[in-house]
Amino acid sequence: MKKLLFSLFFISISISAQKVDLSYYLPDNVTYNKSIPTPESVIGFEVGEWHVSHDKLMQYMKVLAKASDRITIENRGVTYEDRPLLLLTITSAENHKNIENIRQNHIDATNDSSVDVSNNPIIVYQGFSIHGNEPSGSNAALAVAYYLAAAQGIDDLLNNIVILFDPSFNPDGLQRFAYWANTNRSKNINPDPNDREFSEIWPGGRTNHYQFDMNRDWLPVQLPESKVRIETFHKWLPNILTDHHEMGSNSSFFFQPGIPSRTNPMTPQINQDLTKEIATYHAKALDKIGSLYYSEESFDDFYYGKGSTFPDINGGIGILFEQGSSRGHAQETENGVLTFPFTIRNQFTAALSTLEAAKSMRTKILKYQQDFYEQSRSSFSNKAIVFGDEKDAAKTYHLAEVLKRHQVKIHDVKSDFTQNGKNFIKGYSYVIPMNQKNHRLVKAMFDVRTTFKDSLFYDVSAWTFNHAFGVDYAENISLSKAGDEIENLTMPTAGVSYRSDYGYLMPWNEYYSPKALNAILQKGLRAKVSMKNFNNGGKDYEYGTIFIPVQNQKLSSEQLYNFLTIVSNNSHVKIYGVSTGLNDGIDLGSRNFEAITTPKVAMLVGDGIAGNDSGEIWHLFDQRFDMHLTRLDTRYFNRVDITKYTHIIIPSSGLERAAVEKLKTWVRNGGVLIGYKNTARWLSSNKMISLDFTSARIDSIENVSFEKRSLKSGAQVIGGAIFEANIDRSHPINFGYKNNKIALFRNSTMFIKADKRSYNNPIQYSKQPLLSGYISKENAKIIPNTVPFKAQRYGRGRVLVFTDNTNFRAFWFGTNKLLMNAVFFGDKM
C-alpha cells in the first residue's frame with residue numbers, strides 16, 4: 001500500500017485537496033500508544049495537508065509534552081517577532097529522572113579521557129527548517145515528535161539517546177511562508193510551477209524578521225534565535241547535530257558528506273569518516289521507501305558558521321539534509337509531480353535513520369568526541385591572543401561577547417602594554433589564553449587562510465573575527481599579560497566628565513557614537529563635526545569629533561547636561577565638558593566645525609533589491625543605533641514624495657527607467673544617494689556618477705575538460721574574502737577610525753579604478769590586499785590599488801557608492817561606521 005502511495009504522491013496528484021494518512025510517514029509494523037494525541041487531533045489537519053504555521057506547531061509540541069513522559073519542553077526565549085523558541089528534550093522516562101546527571105556526565109567525559117563512556121547515552125540535536133520557506137523539515141517534526149512520543153518498542157533507542165528536538169529553527173520565517181503557501185492553495189491542487197503559490201512576494205520566508213540567513217550565524221551569534229541555540233549547544237555538546245533543508249525542486253535528496261575537497265582542513269578526517277558511516281543508514285532507509293538520493297557531490301563543510309559544520313570544530317558531527325522542494329503543496333518537476341507529503345516523508349525518514357545510526361554507533365561516536373578534546377588538550381599552547389581597540393570599548397566588548405557565548409575563557413589585560421606598535425589598554429582589550437578547552441574553536445574564529453585545496457566555496461572563504469570587528473590583534477603573547485578571568489562581561493561605563501556652560505565634545509571613535517549623535521539631533525539640538533584634529537585642555541581630539549555648544553540651544557545648561565548624561569550612558573560613549581573654545585589647532589568657533597543636518601533616511605526595498613543586504617541595514621539602524629529608517633517599496637516608489645528625505649540608500653540593483661529622473665532631480669536638489677554593490681553600475685550607466693570599471697581578462701582556458709568547465713568559471717567568483725585598504729582619515733567617510741588601514745569584506749568582482757587625484761580615493765586597496773580568503777590569480781592581479789568607495793557631487797547633492805557590503809551578517813562591526821559616516825557626513829564629501 002505504501003509503495004502505491006509513493007507512486008501516487010510523486011508521479012501524480014488527486015484533483016482535490018491532497019490528504020494522506022499519518023501512516024504514510026510512519027514505519028511499518030509499529031504500534032502506538034493511543035493516549036498520545038496525533039498531530040491532526042490537535043492542529044485540525046493531517047501532516048502535509050496544509051503547511052503548518054509556527055503557532056500550530058508549537059501548540060502541538062506543548063500538548064505532546066504534557067501527554068508523554070518521554071518529553072519535557074522549555075521556552076528559551078523569543079524571536080524578534082516575539083515567537084517562542086521552544087526546545088523539546090526527548091528520551092526515556094527513566095533518563096528524564098536523571099537528566100541533569102546524564103548531561104553532567106556527558107560534559108565530564110569531554111574533560112577527562114579516563115571517563116568510561118560506554119554506558120552513556122549519546123546526545124543528538126535535531127533541528128528543522130532554519131530557512132522558513134524550506135518547510136518540509138518543520139512539518140516532518142510533527143510526525144517525528146509523535147513517533148518518538150507514541151511508538152512502542154523503541155525503549156532501547158530512547159534509553160541510549162537524549163534528543164534535543166528543535167522543531168523550528170526559524171519561527172518568523174516559517175510563519176511567513178506558511179501564510180503564503182496556505183493562502184495561495186487551491187482546493188484542486190495545481191502543480192503548475194507558474195502558479196502564484198510558487199512565487200513568494202519579497203522578501204520571502206527564507207530569512208528571519210530582519211531578513212538574515214540564520215544558517216550563517218552559528219559562529220557570529222548575533223541573532224536571538226542563534227543565541228539560545230548556541231547556549232543549548234554548549235550546555236550539552238551534542239555528538240550529532242542534524243540540519244534539515246530544502247533545495248531546487250528538480251533535485252532529489254542529499255545527505256552528507258559533502259564534496260571532500262571542500263572540507264575545512266581544521267576538521268579531523270575521522271569526523272568525515274564517521275559522517276560517511278552514518279550516511280549508510282540514510283541510504284538504507286531511503287532505499288527501503290524507494291526514494292532517490294545522492295551524497296558527496298554538492299555542498300561543503302568549510303565555513304564553521306553553518307549548522308552542519310559548526311559541530312565539526314566542537315567535537316561533534318554536523319549533518320546536512322537537503323530535500324528537493326515542492327515550494328507549495330505540489331509542483332511539476334522533471335521527475336514528475338513532487339508533493340509536499342513526499343518531501344515530508346523523506347525528512348521524517350532521515351530523522352529516524354539518524355537516530356538509528358546514533359544508537360548503533362553510540363560508543364564509537366562518544367569516544368570520538370572524547371578523543372577530540374583529549375587531542376585538543378595535548379596541543380595546548382602556553383601563549384595567548386590579545387585583541388582590543390584603545391578608542392572603541394563597545395566594539396571590543398561585542399567581540400568578547402561572542403567569545404563568551406561560545407564559552408571561551410577571556411581575561412582582562414593585567415596592565416596596559418604595547419605589542420607590534422598597537423596599544424592594548426585595560427578595559428578596552430581582552431586576552432584569550434590558548435590553554436583552554438575551546439582553543440580549537442578560537443583558532444577557527446581567528447583563522448587566516450589564503451591557500452586552498454579547492455577554488456569553489458558554497459559560502460564565504462574567510463571570516464577572521466579580528467578583521468570583521470576591526471580590532472587590533474596580536475597572537476603568541478605571554479600569558480603573563482593576562483589579568484583576572486572575566487566571569488561577568490560588562491560594557492565599560494561612560495558619562496559626561498562635568499557640567500559645562502560652554503560646550504561638550506564627543507569623540508567619534510566609539511561604535512555607538514552614531515546612536516548618541518542621532519539622539520542629540522532628534523532632540524532638536526545643534527551639533528557640529530570637526531573637519532580637522534585639535535587639542536582642547538591637553539586632550540587630543542580627532543577628525544569627526546562632535547561639538548555640542550551650550551548657548552543658543554532649546555535646553556538650558558542644566559537640562560542639556562542632564563540629557564547628555566542620559567545619552568552618554570545609553571550609548572556607552574564618553575562626552576567631555578569644555579571650559580574654553582581656544583584650542584591647540586582649530587578653535588571651537590572655527591568654520592572647520594561644520595553643522596550637522598538631522599538625517600531623514602529612506603531605503604529601497606522590494607522586488608529587485610537584495611533581501612539580505614537590505615535587512616542588514618534595517619537591523620543596523622533599528623537594533624544597533626535606534627534610528628528610524630523608512631523602507632520604500634519599489635512597487636510604489638514612483639508615487640512617493642521623496643523630497644522629505646535627506647538620504648536614500650539602494651542596497652543593490654536599481655529602479656525602472658521612470659524613476660531615474662525622479663532620483664536625479666532629488667539629488668540635484670541636495671539629496672545624498674548611497675548605493676551598494678551593483679547599484680554602482682546602475683548609477684554609472686544612468687550618468688549619476690562617473691566610474692571607470694575594470695575586470696580580469698581570461699583570454700583562453702586550456703586543459704579544462706567539458707566536465708570541469710564550470711569549475712573554471714566558478715573559480716573567478718569571490719564568495720567572501722577579506723582585503724586590506726589604505727584610508728585617508730581626514731575624509732569624512734573615514735571619521736572615527738584610528739588606524740590608517742582597514743579590513744574590508746568583499747564578495748563581488750566589481751573593481752573600480754582609482755581617481756588620478758589621490759584625495760578622491762579615501763579608501764584604496766593596498767598593493768597586496770588579500771588578508772584572508774580565496775581570490776583567483778586573475779582577480780588578484782586586478783584588485784590592487786582599485787577603490788571600493790567613490791563619492792561625487794551631483795548638482796547640490798552627492799552620490800556615494802560602495803562596491804561591497806559594509807554591514808555583512810551583522811558581525812562586521814568594523815565597517816558599520818562607514819555607512820553611518822555616509823549618513824551623517826555624506827553632504828560634506
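Residues numbered from 1 in each chain as written. Predicted model: local features only at pLDDT ≥ 70, side-chain atom pairs only at ≥ 80, totals over all residues. Heavy atoms only, no water.

Caption draft 1: The arrangement of the environment of Ser-129 in detail. Tracing the backbone shows Ser-129 in the loop between strand 3 (122-128) and helix 6 (136-150). Exposure remark for Ser-129: the relative accessible area of 0% places this residue in the buried category. Taking the C-alpha atoms as reference points, Ser-129 and Asn-170, separated by 41 residues in sequence, lie 6.6 Å from one another. With near-sequence residues (within four places) excluded, Ser-129 lies in contact with Glu-134, Pro-135, Ser-136, Gly-137, Ser-138, Phe-169, Asn-170 and His-244. Only 2.8 Å separates the side chain of Ser-129 from the backbone oxygen of Glu-134, close enough to count as a polar contact. Among the polar contacts listed, one links the side chain of Ser-129 to the backbone nitrogen of Gly-137, at a separation of 3.5 Å. (Helix = DSSP H or I, 4+ residues; strand = E, 2+ residues; numbered from the N terminus. Buried < 20%, exposed > 50% of the residue type's maximum accessible area, 1.4 Å probe, protein only. Contact = heavy atoms within 4.5 Å. Polar contact = N/O pair within 3.5 Å; in protein donor to acceptor, adjacent residues only side chain to side chain.)

Caption draft 2: A look at the sheet that holds strand 15 (residues 472-478). The antiparallel open sheet is built from five strands, whose spatial order is 15-10-14-11-16. One side of each edge strand has no neighbouring strand; the edge strands of this open sheet are strand 15 and strand 16 (482-485). On average, each strand axis in the sheet is inclined to that of its neighbour by 35°, with strand direction left out of account. Sheet analysis places strand 11 (residues 411-413) next to strand 16, joined by two bridges and oriented antiparallel. Within strand 16, the residue paired with Val-413 across the bridge is Ala-482. (Pairing = 2+ DSSP bridges. Axes fitted to C-alpha atoms, helices over the stretch in contact; angles between N-to-C directions.)

Caption draft 3: Summary view of the pairing of strand 4 (residues 161-166). Most of strand 4 is tucked away: six of the six residues are buried. Where burial is concerned, the two faces of strand 4 agree: the one with Ile-161, Ile-163 and Phe-165 and the one with Val-162, Leu-164 and Asp-166 are both buried. Two strands pair when backbone bridges link them, and strand 2 (residues 84-90) and strand 4 are joined in this way by three bridges, in the antiparallel orientation. By the bridge assignment, Ile-90 is partnered in strand 4 with Ile-163. Sheet analysis places strand 3 next to strand 4, joined by six bridges and oriented parallel. If you follow Val-124 over to strand 4, its bridge partner there is Ile-163.

Caption draft 4: Structural view of the packing of helix 16 (residues 513-522) against helix 17 (residues 557-571). The geometry of helix 16 relative to helix 17 is characterised by a closest axis approach of 9 Å and an angle of 150° between their N-to-C directions. In terms of their interaxial angle, helix 16 and helix 17 are classed as roughly antiparallel. Taken as a pair, helix 16 and helix 17 cross one another with a handedness that is right-handed. Two secondary-structure elements touch here, helix 16 through Lys-515, Ala-516, Ala-519 and Ile-520 and helix 17 through Phe-563, Leu-564, Val-567, Asn-570 and Ser-571. (Parallel < 35°, antiparallel > 145°, perpendicular 65-115°, else oblique. Left-handed = near helix turned anticlockwise from the far one by under 90°.)

Caption draft 5: A look at helix 5 (residues 99-111). In this model, helix 5 (13 residues) spans 19 Å end to end at C-alpha, consistent with the 18 Å of a helix rising 1.5 Å per residue. Of all the positions in helix 5, only Ile-102, Arg-103, His-106, Ile-107, Ala-109 and Thr-110 are classed as buried. Down the axis, helix 5 shows its buried residues gathered within 155° of arc, on one side only. As for helix 5, its buried residues are in contact with helix 4 (93-96), strand 3, strand 4, helix 9 (224-236) and helix 12 (362-378). (Expected span 1.5 Å × (residues − 1). Arc of directions from axis to C-beta.)

Caption draft 6: Local environment of the side chain of Asp-459. Relative to the elements of secondary structure, Asp-459 occurs in the loop between helix 14 (439-445) and helix 15 (465-469). Among the polar contacts made by the side chain of Asp-459, one reaches the side chain of Arg-809 at a distance of 2.8 Å.

Caption draft 7: A look at the environment of Ala-400. Note that Ala-400 resides in helix 13 (residues 393-405). Placed 31 residues apart in sequence, Ala-400 and Val-431 show a C-alpha to C-alpha distance of 9.5 Å. Dropping the residues within four chain positions of it, Ala-400 is found in contact with Phe-387, Ile-410, Tyr-430 and Leu-489.

Caption draft 8: Structural view of the pattern of salt bridges. Throughout the structure, instances matching the rule amount to 36 salt bridges. For the salt bridge of Asp-827 with Lys-828, the shortest nitrogen-to-oxygen distance reads 3.6 Å. Connected through shared salt-bridge partners, Glu-134, Arg-206, Asp-213, Arg-216, Asp-459 and Arg-809 make up one network. (Salt bridge = Lys/Arg side-chain N within 4 Å of Asp/Glu carboxyl O.)

Caption draft 9: Fine view of the side chain of Arg-76. Position of Arg-76 relative to the elements: it lies in strand 1 (residues 71-78). A distance of 3.0 Å separates polar atoms of two side chains, one belonging to Arg-76 and the other to Asp-166. In contact with Arg-76, not counting residues within four places along its chain, are Leu-85, Leu-86, Leu-87, Tyr-125, Asp-166, Val-228, Arg-229 and Thr-232.

Caption draft 10: Representation of the packing of aromatic side chains. Within this structure, the stated rule accounts for 50 aromatic pairs. Taken together, a centroid distance of 5.3 Å and an interplanar angle of 70° make the contact between Phe-302 and Phe-457 edge-to-face. Of the two residues, Phe-302 is situated in the loop between helix 10 (269-289) and strand 7 (317-324) and Phe-457 in the loop between helix 14 and helix 15; the sequence distance between them amounts to 155 residues. The exposure class of Phe-302 is buried, given its relative accessible area of 6%. Among the aromatic residues, those joined into a cluster by ring pairs are Phe-302, Tyr-303, Tyr-304, Phe-452, Phe-457, Trp-463 and Tyr-774. Over the ring of Phe-693 we find Arg-681, and its NZ or CZ is 4.4 Å from the ring centre. (Phe/Tyr/Trp six-rings, centres within 6.5 Å; stacked < 30°, edge-to-face > 60°. Lys NZ or Arg CZ within 6 Å of the ring centre and 35° of its normal.)

Caption draft 11: Inspection of the confidence of the model for the protein at higher detail. Predicted confidence across the protein gives a mean pLDDT of 95, with 96% of residues reaching 70 or more. Confidence drops under a pLDDT of 50 for residues 1-17, and excluding neighbours within four residues, the segment shows 43 contacts in the predicted structure. (pLDDT = per-residue confidence, 0-100.)

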